[in-house]
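Each chain, written out:
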Amino acid sequence: MTTAIEQSMNNEILLDEPLAPKRTRRQEFWSLLRKNRLAIWGLVTFIIFFFVALTGLFLTAGTNPIMDPSMVRLQEKLRPPMARPNMDTLKSVEIPALGIYLFGTDDLGRDVFARMLQGAWVSLTVGFVAVGISVLIGIFMGGIAGYFGERQFRIDHLIVAGLLIIGIGLVIANIYVWGNITFLAGLLWLFDLIVRRKRSNTRRGPTGAGLLQKNALSVDTLIMRFVDIMLCFPSFILILTVIAILPASIYNIMIVIGLTSWMGATRFVRAEFLSLREQDFVTAARALGVGNFRIIFRHMMPNAIAPVLVSATIGIATAILTEAGLSFLGFGVPPPHATWGNILSDGKGFIFDAPWLTFVPGFAILIVVLSFNLFGEGLRDALNPKLREGR
Amino acid sequence: MKPEVVGINSSNNTLLRVEGLKKYFPVHRGFLQRLAGRIKAVDGVDLEIELGSTLGLVGESGCGKSTVGRSILKLIEPDEGKIIYGGQDISGLSRHEMKPLRTEMQIIFQDPFGSLNPRMTIGTSIEEGLRARGVRDRAKRTKRVEELLEMVGMATGAADRYPHEFSGGQRQRIGIARALSVEPSLIVCDEPISALDVSIQAQIINLLNDLQAQLGLSYLFISHDLNVVGYLSDGVAVMYLGQIMEYAPAQELYENPLHPYTQALLSAAPRPEPNDRGQWATLSGDVPSPFNPPPGCKFQGRCPLVEDRCREAEIGFYEPGQGHKVRCWKF
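Bear in mind that the values here come from a model prediction, so they are computed numbers and not experimental data.

(A) Summary view of the overall build of chain A. Secondary structure summary: chain A contains 15 helices and two strands in total. Taken over 391 residues, chain A has a buried fraction of 34%. Restricting the contact set of chain A to residue pairs at least 6 apart, pairs at least 24 apart contribute 71%.

(B) Expanded view of the overall build of chain B. Across its full length, chain B holds nine helices and 12 strands. Taking 331 residues into account, the globule formula puts the C-alpha radius of gyration at 20 Å, and chain B, at 21 Å, falls close to it. For the C-alpha atoms alone, the extent of chain B along its principal axes is close to 65 × 55 × 45 Å. Counting only residues that meet the buried cut, chain B has 46% of its 331 residues in that class. A separation of at least 24 residues holds for 65% of the contacts in chain B among residues at least 6 apart in sequence.

(C) Representation of the sheet that holds strand 11 (residues 318-321) of chain B in the model. Residues and elements named next belong to chain B. Reading across from one edge, 6-7-8-3-9-10-12-11 is the order of the eight strands in this open sheet, with mixed pairing throughout. Looking at which strands have only one partner, the edges of the open sheet turn out to be strand 6 (105-108) and strand 11. Here the average twist between neighbouring strands, direction ignored, is 20 degrees. Taken strand by strand, helix 9 (residues 260-268) contacts strand 9 (235-240) and strand 10 (243-249), and its axis lies near 105 degrees from that of strand 9.

(D) View of helix 4 (residues 112-147) of chain A. Residues and elements named next belong to chain A. Over its 36 residues, helix 4 runs 50 Å from end to end, which matches the ideal 52 Å to within 8%, given 1.5 Å per residue. A bend of about 35 degrees at Gly119 is the largest found in helix 4. Burial analysis of helix 4 places 29 of its 36 residues in the buried class, which makes it a mostly covered element.

(E) Inspection of the nonpolar core at higher detail. Counting 152 residues, the largest nonpolar core has Leu220 and Val238 of chain B as the members making the most contacts within it. Counting residues per element, this core draws most heavily on helix 4 of chain A, which supplies 19 residues. Each residue touching Val238 of chain B, except ones within four places of it in the same chain, is listed here: Val58, Gly59, Ile244, Met245, Glu246, His259, Tyr261, Thr262 and Leu265 of chain B.

(F) Summary view of the packing of helix 5 (residues 168-180) of chain B against helix 6 (residues 198-215) of chain B. Residue and element names in this part refer to chain B. Running from amino to carboxyl end, helix 5 crosses helix 6 at an angle of 15 degrees, the nearest separation of the two axes being 10 Å. In terms of their interaxial angle, helix 5 and helix 6 are classed as roughly parallel. As helix 5 runs across helix 6, the sense of the crossing is right-handed. Here helix 5 contributes Gly168, Gly169, Gln172, Arg173 and Ile176 to the contact with helix 6, which in turn contributes Ile200, Gln203, Ile204 and Leu207. Looking at the contact of helix 5 with helix 6 residue by residue, the classes come out as four nonpolar, four polar and one charged.

(G) Geometry of the confidence of the model for chain B. All names here are of chain B. Confidence in the prediction for chain B averages 84 pLDDT; 94% of positions are at 70 or higher. When mean pLDDT is compared element by element in chain B, strand 7 (residues 186-190) scores highest at 93, while strand 11 scores lowest at 80. Counting contacts from residues 1-10, a segment whose pLDDT is below 50, to residues more than four positions away or on other chains yields 25 contacts. Taken over the whole predicted complex, pTM reads 0.80, whereas the ipTM for its chain interfaces reads 0.87.

(H) Expanded view of the environment of Leu98 of chain A. Residues and elements named next belong to chain A. Relative to the helices and strands, Leu98 resides in the loop between helix 3 (37-60) and helix 4. Since 12 C-beta atoms lie within 10 Å of it, Leu98 is described here as exposed. For the pair Leu98 and Arg84, spaced 14 residues apart in the sequence, the C-alpha separation amounts to 9.9 Å.

(I) The pairing of strand 9 of chain B, seen in detail. Residue and element names in this part refer to chain B. Burial analysis of strand 9 places six of its six residues in the buried class, which makes it a mostly covered element. Of the two faces of strand 9, the one carrying Gly235, Ala237 and Met239 and the one carrying Val236, Val238 and Tyr240 are both buried. Here strand 3 (residues 54-58) runs beside strand 9; their pairing, made up of four bridges, is parallel. What sits directly across from Gly56, in strand 9, is Val236. Sheet topology note: the strand 9/strand 10 ladder contains six bridges and is antiparallel. Bridge assignment links Tyr240 to a residue of strand 10, and that residue is Gln243.

(J) Highlighting the packing of helix 3 of chain A against helix 15 (residues 356-383) of chain A. All names here are of chain A. Relative orientation of the contacting elements helix 3 and helix 15 amounts to 135 degrees, with a least axis distance of 7 Å. Here helix 15 runs oblique to helix 3, going by the angle between their axes. Pair helix 3 / helix 15 crosses with left-handed handedness. Here Leu38, Ala39, Trp41, Gly42, Leu43, Thr45, Phe46 and Phe49 of helix 3 come into contact with helix 15, specifically with Ile367, Val368, Ser371, Phe372, Leu374, Phe375, Glu377, Gly378 and Leu379. Considered class by class, the residues forming the contact of helix 3 with helix 15 number 12 nonpolar, four polar and one charged.

(K) Representation of helix 1 (residues 65-72) of chain B. Residues and elements named next belong to chain B. Of all eight residues in helix 1, eight are buried; the element is thus mostly enclosed. Within helix 1, the full set of buried residues consists of Lys65, Ser66, Thr67, Val68, Gly69, Arg70, Ser71 and Ile72. Just past helix 1, the residue Lys74 takes up positive phi, approximately 60 degrees.

(L) How the structure looks around the sheet that holds strand 5 (residues 88-89) of chain B. Residues and elements named next belong to chain B. One open sheet holds the four strands; their spatial order is 2-1-4-5, and the pairing between them is antiparallel. Looking at the sheet topology across the chains shown, the edges are occupied by strand 2 (34-50) and strand 5. The pairing of strand 4 (residues 80-85) with strand 5 spans two bridges and is classified as antiparallel. By the bridge assignment for strand 5, Ile84 is matched with Asp89. Across the face of the sheet, helix 1 comes into contact with strand 1 (14-29), strand 2 and strand 4 while running at roughly 115 degrees to strand 1.

(M) Structural view of unusual backbone geometry. Not every positive phi belongs to a glycine, and Glu191 of chain B is a case in point at roughly 50 degrees. Mapping Glu191 of chain B onto the fold places it in the loop between strand 7 and helix 6.

(N) Summary view of the environment of Ile187 of chain B. All names here are of chain B. Mapped onto the elements, Ile187 comes out in strand 7. Take Ile187: there are 25 C-beta atoms within 10 Å of it, and that puts it in the buried class. Sequence separation of Ile187 and Cys310 is 123 residues, and the distance between their C-alpha atoms is 36 Å. Not counting chain neighbours up to four residues away, the residues in contact with Ile187 comprise Gln106, Ile108, Ala179, Leu217 and Tyr219.

Analysis parameters
- Residues numbered from 1 in each chain as written.
- Chains lettered and ligands numbered in written order.
- Predicted model: local features only at pLDDT ≥ 70, side-chain atom pairs only at ≥ 80, totals over all residues.
- Helix = DSSP H or I, 4+ residues; strand = E, 2+ residues; numbered from the N terminus.
- Buried ≥ 20, exposed ≤ 12 C-beta atoms within 10 Å, placed from the backbone.
- Contact = placed C-beta atoms within 7 Å.
- Rg over C-alpha atoms; globule rule 2.2 N^0.38 Å.
- Pairing = 2+ DSSP bridges.
- Axes fitted to C-alpha atoms, helices over the stretch in contact; angles between N-to-C directions.
- Expected span 1.5 Å × (residues − 1).
- Bend = angle between axes of the 7 residues up to and from the residue.
- Core = buried A, V, L, I, M, F, W, Y, C linked by C-beta atoms within 7 Å.
- Parallel < 35°, antiparallel > 145°, perpendicular 65-115°, else oblique.
- Left-handed = near helix turned anticlockwise from the far one by under 90°.
- Nonpolar A, V, L, I, M, F, W, Y, C, P; charged D, E, K, R; others polar.
- pLDDT = per-residue confidence, 0-100.

And the structure:
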């Protein structure tokens, strides 16, 4: 067998292995991202759009804006892009700020360029906030379902949850006495469960409680069936229902679109987690005593996020278009305010007479989505350590 | 000889003692996912590891070796039996109560590619143990990571690199460094060398030996490579279908194997002399399914010496020699 001298020689050899000077991680990230031309173009385009939207917000806001997107000039309707306004028929306030209809006018003679500027901010924020909400919920639910999926709810857990919900429901329905009694009963039982769980590791309750302690359904079943239920509803109808209850404002729409589109991300994350959970590095983290939360978000999530990022870039387009559909039905952003979506849907009645009404917002959406998509892909690659060259 | 049903070893210097460990995995079948039966992965295992010693655990694939190893660390919740670590029964402890003991026992894995997080630098991976232990000071952690890397024979510059930049043997060293980060007393080596080249195997074995001498570690060395186990271990336990068939000090087991299964295993192990055909018969047949193991002796279906009584009752241990235990009537 190997002697101690040979052993130490082995170690020497390993220690002598050359290691190139190391750049910091940020430097490496940038150098990798810079190599990806398309991703950089995506990022630049996106930044430009962002600033255009921001300036548009200032140019079109207020009582007497520099460019008025809601100025109606019926005599100038459906003028093509780059048309000069007819100075004879316009009052001085009605003359567009640029002296030219850059993107033409719509069926009411409103300046499409001004409307695009006004809509840019709404559309961009709707896209990003809605997708942000849906991705956050999706990651959270998928992470829970994938990691804690095998944990079981017992029948008594379900009864407690039922009592609490029924209690709150009764209180909301103004049946205070019964509502409070039910709610308190649920609360007491919950307290009892927590105390008993802390006191002993044995799962034995008082005699006769065996039936209540039976496992009823797993966390995974609960979450994934809920996902299935949400997917069963046509999401547009679901959004309409919620919007009908809530007042129509941009923020409500963002939240509602986010709340009805998280299911895809949940399924992606869950699927990745199911395979990651069995990998040795997760077992090693558990053996080291790393907390559940840290395992989920630090160890597993970075390995599970790639498909979610890709679907999120597509989700942004969907969110912008969903907002457009809502605006079209009158449930979206209230009418005088322009969004890319409602310019698009207003214009589709004139698609043969005035194609610019659909093409201008359509191209804008396309470019935003495409640039974000390219950037997202570049980002994904730059964050993947396997593609980094460090030697 | 009087049958003597006892645990495997007893001395005062015990670090870990496992008594009657059982793990049955439920199998659900059909539309309603009804319980169809249980896979008896581990069916009553008794082990004992002394401080600073190595216990080899050998057996063929699927016999429950790894399940034993992971149950000891409570990475798998055992169904029955006691796991006594340093005098404390840890088999019933909750995750929270286990936390202080996480620094006592660690595990090294078989697959050097799956055992490191591909999105984490080596340094961060090793640091996780220190973090979990509550070492807040960043400089201290970095310094300790460098120490650990040096201890396993890696360059300290490796800390900033990602797992894919290393070879299998290097990754295995990193895995060892990670296990050592919490200064454990016991390391479960779950086939740590079976995925490596022979030359690298030797390096890792020597590293494990050196670390044991330096740090006074105890190992539970799980493997199917009899030669390696023989070289590394003080005692060897042979496992078959969830039960331990024979236990003996390493040298004794190799020179004087008693159980027919051990004999068959040893005759199947490669020997340096090509003309030595071995003195024991090879086995025929397959391992019976742990889903539905035969009553009586688990080995009855393949045993060349099988008798009627083997098919009737469970067999306890017989101790024909000092510290040599066999689960067979013959002795």
